[in-house]
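Listed below are the residues making up each chain.
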Amino acid sequence: MSNRVVTAAILIMCFLAGYYLFASVNLVSTRTQIETSKIQETDKDYHAEEVVTPELHVPDEQPEHDVAIEHAEEGNGHHDHFNLGEILPLWSVIPFACMLLSIALLPLLAPEFWHHNFGKVSAFWAATMAIPFLFIYKGLAFYEILHIILADYVPFIILLWALYTVSGGILLRGTLRGTPFVNTTMLLIGTILASWMGTTGAAMLMIRPFLRANSYRKSRTFMVVFFIFLVANVGGSLTPLGDPPLFLGFLHGVSFFWTFNLLPHMLLVVAILLTIYFIIDTMVYRKEVTDVPPDDGVKQPLKLEGIHNFLFLGGIVAAVLTSGIVDWGEVSTLGIHRAVQDWGRDGFLILMGVASLMTTSFKIREDNDFTWFPIIEVAYLFIGIFITMVPCLLILKAGPKGELAFLINSVQQPAHYFWVTGFLSAFLDNAPTYLTFFNTALGSFYPGMAEKPAVDLLMTENAIYLKAISTGAVFFGAFSYIGNAPNFMVRSIAEEAGTPMPSFFGYIIKFSLIFLLPTFILVHLIFF
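Figured I'd write up the structure that's included with this text.

**A look at the overall build of the chain**
No. 1: Broken down by element type, the chain carries 22 helices and 4 strands.
No. 2: Expressed as a percentage of its 528 residues, the buried residues of the chain come to 54%.
No. 3: In the chain, the share of contacts with a sequence separation of at least 24, taken over all contacts with a separation of at least 6, comes to 80%.
No. 4: Counting only carbon and sulfur atoms, one obtains 67% of the accessible surface of the chain, whose full area is about 23,500 Å².

Printed below as a string of structure tokens:
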């Protein structure tokens, strides 16, 4: 039965890939026929003496899709003035859907194959999207793929690597047993830290002590899931340092302390989730108490080693904040314009990680069960996710001019902004999703107004809309493993430490739909 399910899943993904390739070839064929017709008609015009009748003007029959491409290609490489998402068909998101299906199904149905070949699977779906995309859209496609790699993937993976490396050099020794009270306290501490050192930083710092404190417990899966809910996501909603969407808002004029307006929303969600966690952990703990090895009474005092790594953590946080404040101009790298301070930040983060490796004893990392596999897995999978996600993001950025116009145009009320921003953030990058609906709100309320005064008014007159966008982007990052950067890292670290984690869909069905969705409905009813 298992083999049949695996075969069926592979056939479905192959069918989708085949459809994508067929549609791509058909699109290429259509463009070729149009170009051939144009050449033939031009040749006729050149040799014929009589005036060509209007009916023979093939350019009048040329699809808008191809006119747009040609117009953009005549722009001498200034791709910023043309949004490819305005002409992309909706079926161009198929490779991204297949990438998600692979992450969801293959670890469950073919774990051995997945463990040894996840990098190849990621490369396959990236190539499935990129090759036809490049062939059809040529320079435009190359620019978009290179842009997402240099401007998004590279800084994303450098930040994760730096935080993972530095936090792996901090070891908590001593006796710390994961009782319901201790676990709830650790989750609360991590949630508070997340708003000030970022969800990724807090998650990487807290996950290993949390896992080690509960190593004697049998049921640990739900603990890590709630850790992802609170520390890796909801906790980052209080400052722009907490989560990338809020940092983007800060860069576009939202004041640093405005996000404290999200405190009631955050407190409600944190209170509900911590209460639920404490109740579940207490019930499970009481059932396990007969099988739990007794405390031998020898308690080792808690002691932190590698504490100099906190300086490196502080340096990482300061570098991220500084890169959003200063302006050192731009530099072009392979045609991709990036701010000089962003390259400087990336280089500084690498320096912090290398400094941590050089100044922290190997013994500390070994006792911390530190390995490179989690960051390698994330790097391999997310390069596939980022590349296959290109059409999705472009269509979303096209707003009312793209294939998702029906969705963008239907967003009118604060609740609409909350749910649409939220569900898209759960499966796409929540930073561009936030920015899309942030700009949608500005355009709806203050059309034609400069950004600075428009944002000031949005923070005051229509603050409820900005609150809906902000909470949707941050809270729903917890809804799936790919909703926010640290989610997958926490999952990988937990699995390597021996904690079984649910599959992609198992996480959503068994936990997100049961615990998060009712909580978010309550947020909607109370605030929006």
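**Concerning helix 6 (residues 180-197)**
No. 1: The first and last C-alpha atoms of helix 6 sit 25 Å apart over 18 residues, in line with the 26 Å expected at 1.5 Å per residue.
No. 2: Of the positions making up helix 6, those classed as buried are Pro 180, Asn 183, Thr 184, Met 186, Leu 187, Gly 190, Thr 191, Ala 194, Ser 195 and Met 197.
No. 3: Of the surrounding elements, those touching the buried residues of helix 6 are helix 7 (199-213), helix 8 (221-230), helix 10 (263-288) and helix 11 (309-323).

**A word on the side chain of Ser 512**
No. 1: Along the chain, Ser 512 turns up in helix 22 (residues 504-527).
No. 2: Among all residues touching Ser 512, those that are not within four sequence positions of it are Phe 229, Ala 478, Phe 479, Tyr 507 and Leu 517.

**Thoughts on the layout of surface pockets**
No. 1: What the second largest pocket holds in volume is close to 290 Å³.
No. 2: Along its surface, the second largest pocket is lined by 15 residues, and Pro 107, Trp 114, His 115, Arg 491 and Glu 495 are the ones closest to its centre.
No. 3: Only helix 3 (94-109), helix 4 (111-137), helix 14 (373-388) and helix 21 (485-496) provide two or more residues apiece to the lining of the second largest pocket.
No. 4: Grouping the constituent residues of the lining of the second largest pocket by class yields 8 nonpolar, 3 polar and 4 charged.

**With respect to a nonpolar patch on the surface**
No. 1: Taken together, the side chains of Ile 350, Val 354, Leu 357, Met 358, Trp 372, Ile 376 and Tyr 380 present a nonpolar region at the surface, about 630 Å² in accessible area.
No. 2: Mapped onto the fold, Trp 372 is located in the loop between helix 13 (362-367) and helix 14.
No. 3: On the accessibility criterion, Trp 372 (33% relative accessible area) is partly exposed.

**A few points about unusual backbone geometry**
No. 1: Although it is not a glycine, Lys 138 sits at a positive phi angle of roughly 50°.
No. 2: By the secondary structure assignment, Lys 138 is in the loop between helix 4 and helix 5 (139-167).
No. 3: Its identity as a non-glycine residue notwithstanding, Leu 334 has a phi of 55°, on the positive side.
No. 4: By the secondary structure assignment, Leu 334 is in the loop between strand 3 (330-333) and strand 4 (336-339).

**Digging into the pattern of salt bridges**
No. 1: Using the criterion set out here, one finds 7 salt bridges in the structure.
No. 2: Measuring nitrogen to oxygen at the nearest pair gives 3.1 Å for the salt bridge that ties Arg 338 to Asp 346.
No. 3: Asp 346 sits in the buried class, given a relative accessible area of 2%.
No. 4: Of the charged contacts in the structure, one is a salt bridge between Arg 491 and Glu 495, with a shortest N-O distance of 3.5 Å. You can see Arg 491 and its partner Glu 495 sitting in helix 21, 4 residues apart, about one turn around the helix.
No. 5: Residues participating in the shared-partner salt-bridge network are Arg 338, Asp 342, Arg 345 and Asp 346.

**Thoughts on the pairing of strand 3**
No. 1: The sheet contact formed by strand 3 and strand 4 spans 4 bridges and is antiparallel. Residue pairing in the sheet places Val 331 in a bridge with Arg 338 of strand 4.
No. 2: Between strand 3 and strand 4, which follow one another and run antiparallel, lie 2 residues, and Leu 334 among them has a positive phi close to 55°.

**Details of the packing of aromatic side chains**
No. 1: All chains considered together, the criterion is met by 45 aromatic pairs.
No. 2: When the ring of Phe 382 is compared with that of Phe 488, the centres are 6.0 Å apart and the planes differ by 90°; the resulting orientation is edge-to-face. Here Phe 488 lies in helix 21 and Phe 382 lies in helix 14, a separation of 106 residues in the sequence. Like Phe 488, Phe 382 is buried.
No. 3: The interplanar angle of 80° and the centroid separation of 5.5 Å between the aromatic rings of Phe 504 and Phe 505 together place this pair among those described as edge-to-face.
No. 4: Look at Phe 505 and you get partly exposed, because its relative accessible area is 34%.

**With respect to helix 9 (residues 244-251)**
No. 1: Taking burial as the measure, the 8 residues of helix 9 include 6 buried ones, the bulk of the element.
No. 2: Along helix 9, the residues classified as buried are Pro 245, Leu 246, Phe 247, Leu 248, Gly 249 and Phe 250.
No. 3: The secondary structure elements touched by the buried residues of helix 9 are helix 11, helix 18 (430-445) and helix 20 (463-475).
No. 4: One or two positions beyond helix 9, positive phi appears at Gly 253, with a value near 110°.

**Thoughts on the packing of helix 3 against helix 14**
No. 1: The geometry of helix 3 relative to helix 14 is characterised by a closest axis approach of 8 Å and an angle of 155° between their N-to-C directions. One finds that helix 3 runs roughly antiparallel with respect to helix 14. Where helix 3 crosses over helix 14, the two elements pack in a sense that is left-handed. Facing Pro 95, Phe 96, Met 99 and Ile 103 of helix 3, the residues of helix 14 in contact are Leu 381, Gly 384, Ile 385 and Thr 388.
No. 2: Per-class residue counts for the contact of helix 3 with helix 14 are 6 nonpolar, 2 polar and no charged.

**Re the nonpolar core**
No. 1: If you look at the biggest cluster of nonpolar residues, it comprises 152 residues, and the most contacted ones within it are Phe 133, Tyr 137, Phe 227, Phe 229 and Phe 382.
No. 2: If one sorts the elements of this core by residue count, helix 5 sits on top with 13 residues.
No. 3: For Phe 227, the contacting residues outside a window of four places in its chain are Leu 187, Ala 203, Met 206, Ile 207, Phe 210, Ala 232 and Val 490.

**Observations concerning the packing of helix 10 against helix 20**
No. 1: Contact pair helix 10 / helix 20: the axes reach a minimum separation of 11 Å and the direction vectors enclose 35°. Considering only the axes of helix 10 and helix 20, their crossing is right-handed. Two secondary-structure elements touch here, helix 10 through His 265, Met 266 and Val 269 and helix 20 through Lys 467, Thr 471 and Phe 475.
No. 2: Among the residues making up the contact of helix 10 with helix 20, the classes are represented as 3 nonpolar, 2 polar and 1 charged.

Here is what the cut-offs are and how they apply
- Residues numbered from 1 in each chain as written.
- Predicted model: local features only at pLDDT ≥ 70, side-chain atom pairs only at ≥ 80, totals over all residues.
- Heavy atoms only, no water.
- Helix = DSSP H or I, 4+ residues; strand = E, 2+ residues; numbered from the N terminus.
- Buried < 20%, exposed > 50% of the residue type's maximum accessible area, 1.4 Å probe, protein only.
- Contact = heavy atoms within 4.5 Å.
- Areas by Shrake-Rupley, 256 points an atom, 1.4 Å probe, with all protein chains shown as cover.
- Expected span 1.5 Å × (residues − 1).
- 1 Å grid on protein atoms, 1.4 Å probe; cavity = no way out; pocket = protein on both sides within 12 Å on 5 of 7 lines; lining within 4 Å.
- Points joined across faces, edges and corners; volume = space filled by probe spheres on them.
- Nonpolar A, V, L, I, M, F, W, Y, C, P; charged D, E, K, R; others polar.
- Patch = residues over 30% accessible without salt bridge, like charges linked within 9 Å, V, L, I, M, F, W, Y side chains within 5 Å.
- Salt bridge = Lys/Arg side-chain N within 4 Å of Asp/Glu carboxyl O.
- Pairing = 2+ DSSP bridges.
- Phe/Tyr/Trp six-rings, centres within 6.5 Å; stacked < 30°, edge-to-face > 60°.
- Axes fitted to C-alpha atoms, helices over the stretch in contact; angles between N-to-C directions.
- Parallel < 35°, antiparallel > 145°, perpendicular 65-115°, else oblique.
- Left-handed = near helix turned anticlockwise from the far one by under 90°.
- Core = buried A, V, L, I, M, F, W, Y, C linked by side-chain atoms within 4.5 Å.

Treat this as a map of the structure, not an account of what it does.
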